[in-house]
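# Report on the structure
Each chain, letter by letter, is given below.
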Amino acid sequence: MTTTASVVGGTGFTGGELLRLLDGHPEFEVVQATSRSEANKTVGGIHPNLRHMDLRFSDPADLESVDTLFACTPHGVSMGQIDEFRDAAGTVVDLSADFRLPETTYYDEYYDGHERPGLLEEAEYALPELNRENLPGADLIAAGGCNATASILGLLPLFEAGILDGDEQIVIDIKVGSSEGGAGGGAASSHAERSGVVRPYAPTGHRHEAEIEAYLGTSVSFTVHAVDMIRGASATCHIFPNGPVSKGDMWQAYRGQYEDEPFVRMASGGGGVYRYPEPKAVAGSNFAEVGFEVDPTNKRLVVFSAIDNMMKGSAGQAVHAANIALGFEETAGLEHTGFHPIGAP
Ligand SMILES: NC(=O)c1ccc[n+]([C@@H]2O[C@H](COP(=O)([O-])OP(=O)(O)OC[C@H]3O[C@@H](n4cnc5c(N)ncnc54)[C@H](OP(=O)(O)O)[C@@H]3O)[C@@H](O)[C@H]2O)c1
């Protein structure tokens, strides 16, 4: 028996990626995709890769009753409409930041407060590598943010293995593609303005800093650069540990953390051109790549992490979490790898 699904915000970038994943998923059947601006138009008219789908956008005011609703809407929409979403679906997976953070104080500091603070405790954060055990049966799921996902996956093994205590200095420099800004990304994401840039756009105080701090239990210094790619987030973390750390310690920590994870693979100084995590190598797939180097001269560890923000950083992560919540094969609908060679993703 198939599980019915709807995608609210189906014309957007993450909505389109979700439709692509659900279309190929063995368990889900997409029965609704919403858009206020494109209601009654075909899905293929907006997402040309989905021209084969026999589906038209409908107005989000007319939500159909489904098993699972994926909300791919801008920040603030889900918290305002969560009752309608939950009336329409047994499981709600929200891709926005509305239910990601565990406490209202984060929303007061980094956003404009929260309309439904009582639900924050109920929502399950969905970075399966961090929170898998709490996802089975969850009915309100908040998929992790793209930059936070890349950063947390890079740093998590160091905390789990006890290499870091939480009082060390950590500096994260992350380069991101234009699709992070969504389909309505505006001038900053237009082809002419984006082409060729390595443009710092959030040197301090980025909202994902809150998410990293909330789930790793440590403060981080976080800076984002907009670069000339469409898909991808590439995090470089500079860490200054309190004592010496060997390469063997690092391998033990990362292998221990990720050897059984279906969507995390190591890329750490092997041979060939792509010796460290590379967004191009994971584009279109749900893989995250993680790697590191040890710099004893400067008492520094350097950790790299790369994801496709549209996949592991949003739609893929949401499907992965839904698979676990609903008891499906964890990797269902997500088993494909990316392409090589390809142009800039
Ligand atoms: N892009 C990424 O890499 C990424 C990664 C992780 C998480 N996210 C989060 O995922 C969410 C969606 O991001 P996106 O990049 O897909 O955005 P997007 O491309 O701008 O798409 C937003 C979608 O939401 C719909 N929408 C806007 N306001 C709405 C409202 N009031 N009610 C119902 N639908 C509404 C829009 O269609 P209509 O206006 O036609 O209704 C559109 O389909 C955001 O919260 C974002 O922060 C994005």
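Summary of the structure given here. (Residues numbered from 1 in each chain as written. Predicted model: local features only at pLDDT ≥ 70, side-chain atom pairs only at ≥ 80, totals over all residues. Heavy atoms only, no water.)

As a further point, take the state of the cysteines. On inspection of all chains with the given rule, the structure shows zero disulfides. Counting only cysteine sulfurs, Cys72 is the nearest neighbor of Cys146, a cysteine outside any disulfide, at a range of 13 Å. Under the relative-accessibility criterion, Cys146 is labelled buried at 14%. (Disulfide = S-S within 2.5 Å. Buried < 20%, exposed > 50% of the residue type's maximum accessible area, 1.4 Å probe, protein only.)

Over its 16 residues, helix 11 (residues 311-326) extends only 19 Å from the first C-alpha to the last, a length that falls short of the 22 Å expected when each residue adds 1.5 Å. Where helix 11 bends most, the angle comes to about 50°, and this point is Gln317. By the criterion of burial, helix 11 is predominantly enclosed, with 15 of the 16 residues buried. (Helix = DSSP H or I, 4+ residues; strand = E, 2+ residues; numbered from the N terminus. Expected span 1.5 Å × (residues − 1). Bend = angle between axes of the 7 residues up to and from the residue.)

We now examine the packing of helix 1 (residues 13-23) against helix 11. As a packed pair, helix 1 and helix 11 sit with axes 9 Å apart at the nearest point and diverge in direction by 45°. When the interaxial angle is binned, helix 1 and helix 11 end up oblique. Between helix 1 and helix 11 the crossing geometry is right-handed. When helix 1 is examined against helix 11, the residues Thr14, Glu17, Leu18, Arg20, Leu21 and Leu22 are found in contact with a partner set consisting of Met311, Ser314, Ala315, Gly316 and Val319. A breakdown of the residues in the contact of helix 1 with helix 11 according to their chemical character gives six nonpolar, three polar and two charged. (Axes fitted to C-alpha atoms, helices over the stretch in contact; angles between N-to-C directions. Parallel < 35°, antiparallel > 145°, perpendicular 65-115°, else oblique. Left-handed = near helix turned anticlockwise from the far one by under 90°. Contact = heavy atoms within 4.5 Å. Nonpolar A, V, L, I, M, F, W, Y, C, P; charged D, E, K, R; others polar.)

Strand pairing in a sheet relies on backbone hydrogen bonds. The paired strands run either parallel or antiparallel. Spatially, seven strands are ordered 9-10-8-11-14-13-12 in an open sheet, and the strand pairing comes out mixed. Of all the strands in the sheet, just strand 9 (198-202) and strand 12 (264-266) have a single pairing partner and so form its edges. In this sheet, neighbouring strand axes are inclined to one another by 25° on average, regardless of whether the strands run parallel or antiparallel. Where strand 8 (residues 169-176) and strand 10 (residues 221-227) come together, six bridges link them in parallel fashion. What sits directly across from Val171, in strand 10, is Ser221. (Pairing = 2+ DSSP bridges.)

Before going further, it helps to spend a moment on the sheet that holds strand 2 (residues 28-34). Overall, parallel pairing links the seven strands, which are arranged 3-2-1-4-5-7-6 in an open sheet. Since the sheet does not close on itself, it has two edges, and those belong to strand 3 (57-58) and strand 6 (124-126), each with one partner. Judged from the four bridges that link them, strand 1 (residues 3-8) and strand 4 (residues 66-71) form a sheet pairing that is parallel. Bridging across to strand 4, Ser6 finds its partner in Leu69. Against the sheet, helix 3 (residues 77-88) makes contact with strand 1, strand 4, strand 5 (89-94) and strand 7 (140-143), and its axis sits at roughly 150° relative to strand 5, the strand it touches most.

Further remarks concern the site of the ligand. For the ligand, the set of nearby residues contains 27 residues, the closest of which are Thr11, Ser35, Ser37, Thr73 and Ala183. Interatomic distance of 2.7 Å between a backbone N/O atom of Thr73 and an oxygen atom of the ligand. The separation between an oxygen atom of the ligand and a polar main-chain atom of Ala183 is 2.7 Å. Taking 890 Å² as the accessible area of the ligand by itself, protein coverage stands at 83%. Counting residues per element, the ones that place at least two in the shell around the ligand are helix 1, helix 3 and helix 11. Across the shell around the ligand, the residue classes tally to eight nonpolar, 16 polar and three charged. Per-domain counts for the shell around the ligand show at least three residues from each of domain 1 (3-122) and domain 2 (147-307). (Near = heavy atom within 4 Å. Polar contact = N/O pair within 3.5 Å; in protein donor to acceptor, adjacent residues only side chain to side chain. Areas by Shrake-Rupley, 256 points an atom, 1.4 Å probe, with all protein chains shown as cover. Domains from an automatic or database assignment.)

Keep in mind that these numbers describe shape and distance, not what the molecule does.
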